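Commentary on secondary and tertiary structure
Here are the chains, one letter per residue:
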Amino acid sequence: CNRPSMPKSVAVAGAAVLAMAGGTEAFAPGFAPALSTSARFSSHALSSCRQTPGRMASLSGLRMVASTPEAAEWFTPGQTIGPQNPGQQSPVPLPYTNEGGNLGKNHPEGIKKGSAHLMYPLQQEMADMETIDISADSVVVLKHHGSYMQQNRDFQVRNAFNGGQSDKPAYIKSHQFMLRLKNPCGKVDPGTYKCIDDLSQKYGQQDLRATTRQAFQLHGVKKENLKHVIASIAHAGGSTLGGCGDINRNIMTPPAPLSDPAYQHVFQASNYIAELFKPQSSAFAELWLDGEKVHTLEYWKKDMLEGSTGVNHIPPVAKNLAELDSQISKAMLHDSGTGIITGDPEEPLYGRTYLPRKFKIGVTVPGDNSIDAYIHDVCVVVIMAEDGKTLAGYNLMVGGGMGRTHNKETTFARAADHLGYVDKADLTEALKAILAAQRDHGNREVRANARLKYLVHTLGVENFKKLTESYMGKKIQPWVPLPDWKMVDWMGWHPQGDGKYFLGVNIEQGRIIDRDGVNLKSFMRAVVDKYNIDMRLTPTQSVVLCGIDPKDKDDVDAMMLKYGIKGIQEIDPFTRRSIACPAFPLCGLAQAEAERVMPSFNKRMGELMTKIGLPGESFVIRMTGCPNGCARPYMAEVAFVGQGPDLYQVWLGGSPDQAGRTGWQWIDKMKAADMETTLEPVFYMWKTQRSNADEALGDFLHRVGKDNINAFRDSYAAGTAFTNVKVEKTKMPMLMGSLGLNSKASSNSRKSSGPRKQQIRVTDQLAAMLKSKSEGAGVPISDVVEDILMSSLSK
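How each quantity is defined
Residues numbered from 1 in each chain as written. Predicted model: local features only at pLDDT ≥ 70, side-chain atom pairs only at ≥ 80, totals over all residues. Heavy atoms only, no water. Helix = DSSP H or I, 4+ residues; strand = E, 2+ residues; numbered from the N terminus. Buried < 20%, exposed > 50% of the residue type's maximum accessible area, 1.4 Å probe, protein only. Contact = heavy atoms within 4.5 Å. Areas by Shrake-Rupley, 256 points an atom, 1.4 Å probe, with all protein chains shown as cover. Polar contact = N/O pair within 3.5 Å; in protein donor to acceptor, adjacent residues only side chain to side chain. Pairing = 2+ DSSP bridges. Axes fitted to C-alpha atoms, helices over the stretch in contact; angles between N-to-C directions. pLDDT = per-residue confidence, 0-100. 1 Å grid on protein atoms, 1.4 Å probe; cavity = no way out; pocket = protein on both sides within 12 Å on 5 of 7 lines; lining within 4 Å. Points joined across faces, edges and corners; volume = space filled by probe spheres on them. Nonpolar A, V, L, I, M, F, W, Y, C, P; charged D, E, K, R; others polar.

What follows deals with the overall build of the protein chain. Broken down by element type, the protein chain carries 24 helices and 21 strands. Expressed as a percentage of the 795 residues in the protein chain, the buried residues total 61%. When contacts within the protein chain are restricted to residue pairs at least 6 apart in sequence, those whose partners lie at least 24 apart make up 72%. Surface exposure of the protein chain reaches about 29900 Å², of which carbon and sulfur atoms provide 52%.

If you trace the backbone, Ser542 turns up in the loop between strand E15 (535-537) and strand E16 (543-548). What makes Ser542 buried here is its relative accessible area of 1%. Between the alpha carbons of Ser542 and Arg511 there is a distance of 8.9 Å; along the sequence they are 31 residues apart. One polar contact links the side chain of Ser542 to the main-chain amide nitrogen of Ile507, over a distance of 3.0 Å.

Taken together, 4 strands build an open sheet; the order of strands is E6-E7-E8-E9 and the sheet is mixed. Strands with a single pairing partner mark the edges of an open sheet, and in this sheet they are strand E6 (361-364) and strand E9 (417-423). When the angles between neighbouring strand axes are averaged without regard to direction, this sheet yields 25°. Where strand E8 (residues 391-398) and E9 come together, 6 bridges link them in antiparallel fashion. The partner of Leu396 across the bridge, within E9, is Gly420. Of the strands in this sheet, E6 and strand E7 (378-384) are in contact with helix H10 (residues 261-276), which crosses E6 at around 160°. Running over the sheet, helix H16 (residues 461-472) touches E8 and E9 and is turned about 30° from E9.

Next up on the list: the confidence of the model for the protein chain. In the predicted model, the protein chain carries a mean pLDDT of 87, and 85% of its residues have values of at least 70. Of the regions scoring below 50 in pLDDT, residues 28-66 engages in 85 contacts with residues more than four places distant in sequence or in other chains. Across residues 738-755 the pLDDT falls below 50, and counting only partners more than four positions away or on other chains, this stretch makes 56 contacts in the model.

Our focus in this paragraph is the environment of Ile196. Following the sequence through the fold, Ile196 ends up in helix H8 (residues 190-202). The class of Ile196 is buried, set by a relative accessible area of 0%. In this structure, the C-alpha to C-alpha distance between Ile196 and Val229, residues 33 residues apart in sequence, is 8.5 Å. When near neighbours in sequence (up to four residues on either side) are disregarded, Ile196 contacts Leu181, Leu208, Phe216, Leu218 and Ile233.

In this structure the tally under the stated criterion is 4 cavities of 30 Å³ or more. What lines the second largest cavity is Lys182, Pro184, Leu241, Gly242, Asn248, Arg249, Asn250, Ile251, Ala274, Phe277, Lys278 and Pro279. Of the residues contributing to the lining of the second largest cavity, the split by class is 6 nonpolar, 3 polar and 3 charged.

Here it is, written out as structure tokens:
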């Protein structure tokens, strides 16, 4: 086995990285001469051989064919592999068969089957401009194109945000569409941002929303404008294809644009995977672009071409677009005869009915858990060789996911399992094998149990590994040990390592809008217009502005002040660490408020901490309007999950670094107004019984357990926490930042924001010491002084 032991470069958080090793060998094995599409998928070219269940397939090009009318009914002409005729057999029997006759209750499967690869009935209904909505069948198809149909529920139900007045006629007329962009790595180039900013003003609701998966959403688009908006985004170099649907979704990465090879390799691999798993159907171009090519190449594809990666970045994937497309096509179509390639001429990986449910991938470096590594269907962790520059391979996690249903124990949130390690040349085939295993064996009979996490849970991770290996045709090696995970949000100023800086700007619950004197939307457009810079969305719904010249830092700070944007040192720690889904008024699944009430919950939580003698204390809070878990509530230390109007299910005990476990359901139907009285005994128990002042709330709750917490609550006398209060030492907000992950910046980066106006005089000796420190860290002297002062004053 050539698997490396834990190298020194992995022992430090973020030192292990993903690399392409100068070309496609980092992603795919060597290719035989590519077959033409017609030859590859010709029914005459397919063998009737099937691999013996449970045995590793050889790499001799064995093919499999549909053997039953049942399979033929669900396959396109030429397709031989899919849910009704799996490419490999499960190591153990599954409690479902995925036979067509059992799929009647899972309506979307039949819709996908009859859609002609995501075309119908959407094409006909979008041509009908006499109506303002589309049918339920078309809604299923439209999701795969990156859009959801919505209605304004403030007209439907009485609540505090509509003055207690409903308006049913207005609700009926309120049909509109939300668009979710595909933004691999969370990156948005200036051209795409300017485009969606303009579109939101003219055709949307004059705002944008940063999602928890690092993508932009644009709300309020009318049906008559939908085609123009989608086409405009595509022609600007963006896309909505891959934003939603039963396909691979937006790929998450750390949002820090560091020139460190670790992060650059992560970004390039993520861009590559995004293209590898992009739907191949022509429906998107035919529906929205009249079959024409886009005017501008997608910016994430540009980033893979020679000449676009800049100083200290990894070698490009290809010299030009033709070479890049060829490499990705070969990697996608590479067929080892193990049942990965379906035979569907239009969708060789997905097949006629695509995946059972959404498929989410994250990529990161060891130590950096800004992406919530354990919540993805697949998480890729890059492993570097001892030199810290050469890629060794990848650790893979599988089976994470948040969605569940209230009062349905067969659905649950789940943290991912460690699957193992693969060498750098095997990443592409390993990911294709995992996707094929889910495609063929994921539960298509019960949509609520269709995510990959349920397949991994049902089989167990070891049997799932066997299944993946059978598709891959190769063994997966043991997991490489990693350092502890740390939650980082990358807010504030940080050096990129290439002579420029990036600035993390907190966006409360991701809503980019001008209101109440905080003109976020105007600020972001002004910065992009002036400096023509990229941005990256963060997994905590905020924004990182990239590539800022050192001489422009003070000007950007002044712009923040002008537009009413708070620097990170002014942000309340609960606000900084919380996320919430949109919920009302536009989400059709919302049972309670989330985004609109999260600011008040944060404020109340801070006041409660001060009242019980823990001023400045904070922990991770998350809120969703329903149990589907879009804001990843089940990983939080404290979470509120909508369970009815102004009612929330309370979850406790997640990791402060979201590292490897979910929390657990504590109580049902807490009234929003009762938050303080409900949690008072929990917080008092934490204050008085934690092992030390640094034991985080989530770790404490996990350690003592639900039964002990309930026993303490039952014996607790209300108000005890507010009697003879002993005030603990005030803590500065946790400044989550670089954690030393940037090899070009050994300091902790800038810890405050705002224009620097004051001068401090020092002796020649101190000046020399500061200069030496500055040069060694590769940052300005002012940053070194600020770091020292902030660190000292916060003690």
